[in-house]
Structures are given as structure tokens and as C-alpha cells.
Amino acid sequence: MAVRAVRGAVQLERDEAGHMDEQVGALLTAVLERNGLSAEDLISIWFTATPDLHSDFPAAAARKLGITDVPLICAQELNIQGAMPRVVRILAHIESDRARADIAHVYLGAAAALRKDIAQ
């Protein structure tokens, strides 16, 4: 097994804890499904949120999905003028037999515009 990294992002419609849980949960579920992973394959997940999101910790959505024994951390994105607002990004470290080129990075909704080169 190799250690791989999976990227992903989702843009929220509004800054509400329930909405964040729903959207971040959908992002994590899509990352797991598209890469044939289970929670057992996760090593750690970094979450970042743009400075306009402050209703909840994005990692709380992972805990609600049952990802309870994986180290999670949240941080704030740089406040860059003109950057897409209300975005949660993830960087998940995983164990996988997939080649690096076969890892499916997941950018949902409008966030697909952030990384057209790797969004699947």
C-alpha cells in the first residue's frame, strides 16, 4: 500500500452549520466512493475554509459520518481578494494501491472551477 493524497472542495451556498455538514459530508462521501475507499483507508484529513465561513468546523461533518478515529484538523484559507467565497477544501491522506494518476480528486458544484485540471 502506498500513501496518497486526495484533494477536493465544495462551495457552500450559505454559512449555516447544517448546510456545511450536508455539503462537506457529500464531498467526503464522493471522495471515498470515487476512490473505492472506506474510513479504514484514511490516514488524516486537513480541512480549510475561506474566512467568510464561521458557523461550524468542517471536520464536524466527518465525525457525523462516523469518521471518528482519524486525525482531522481545520484551518483558514488565505484571504485573497477575488477568491471564490464560501469554499471548504480538503486534503485527505490515504492508503491505496491506486497509482497517483488514478486518484480521483473531487470538486463539487461551482468549486470545480478551482481546479479544472484535476477535477473529476
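Residues numbered from 1 in each chain as written. Predicted model: local features only at pLDDT ≥ 70, side-chain atom pairs only at ≥ 80, totals over all residues. Heavy atoms only, no water.

Draft legend 1. Main features of helix H1 (residues 17-34). Counted at 1.5 Å a residue, the expected span for H1 with its 18 residues is 26 Å, and the 25 Å between its end C-alpha atoms agrees. Within H1, the full set of buried residues consists of His19, Met20, Asp21, Gln23, Val24, Gly25, Leu27, Leu28, Ala30, Val31 and Leu32. The elements touched by buried residues of H1 are strand E1 (2-11), strand E2 (42-49), helix H2 (59-64), strand E4 (87-96) and strand E5 (106-108). With its phi angle positive at about 60 degrees, Gly36 sits one or two positions after the end of H1. (Helix = DSSP H or I, 4+ residues; strand = E, 2+ residues; numbered from the N terminus. Expected span 1.5 Å × (residues − 1). Buried < 20%, exposed > 50% of the residue type's maximum accessible area, 1.4 Å probe, protein only. Contact = heavy atoms within 4.5 Å.)

Draft legend 2. Representation of the sheet that holds strand E3 (residues 72-76). Pairing is mixed in the open sheet, where 5 strands are placed in the order E3-E2-E4-E1-E5. A strand with exactly one partner marks an edge of an open sheet, and here the two such strands are E3 and E5. Each adjacent strand pair in this sheet contributes to an overall mean axis angle of 15 degrees, direction not counted. Alignment of E1 against E5, held across 3 bridges, turns out to be parallel. Bridge assignment links Val10 to a residue of E5, and that residue is Leu108. Here H1 sits on the sheet and contacts E1, E2, E4 and E5; the angle it forms with E5, its principal contact strand, is near 145 degrees. (Pairing = 2+ DSSP bridges. Axes fitted to C-alpha atoms, helices over the stretch in contact; angles between N-to-C directions.)

Draft legend 3. A look at the side chain of Arg4. In this fold, Arg4 is placed in strand E1. Although Arg4 is buried, it makes no salt bridge; Asp97 carries the closest opposite charge, 8.2 Å away. Polar side-chain contacts of Arg4 include one of 3.0 Å to the backbone oxygen of Arg98. Filtering out sequence-adjacent residues up to four positions away, Arg4 remains in contact with Ala92, His93, Ile94, Ser96, Arg98, Ala99, Arg100 and Ile103. (Lys, Arg positive; Asp, Glu negative; His and termini not counted. Salt bridge = Lys/Arg side-chain N within 4 Å of Asp/Glu carboxyl O. Polar contact = N/O pair within 3.5 Å; in protein donor to acceptor, adjacent residues only side chain to side chain.)

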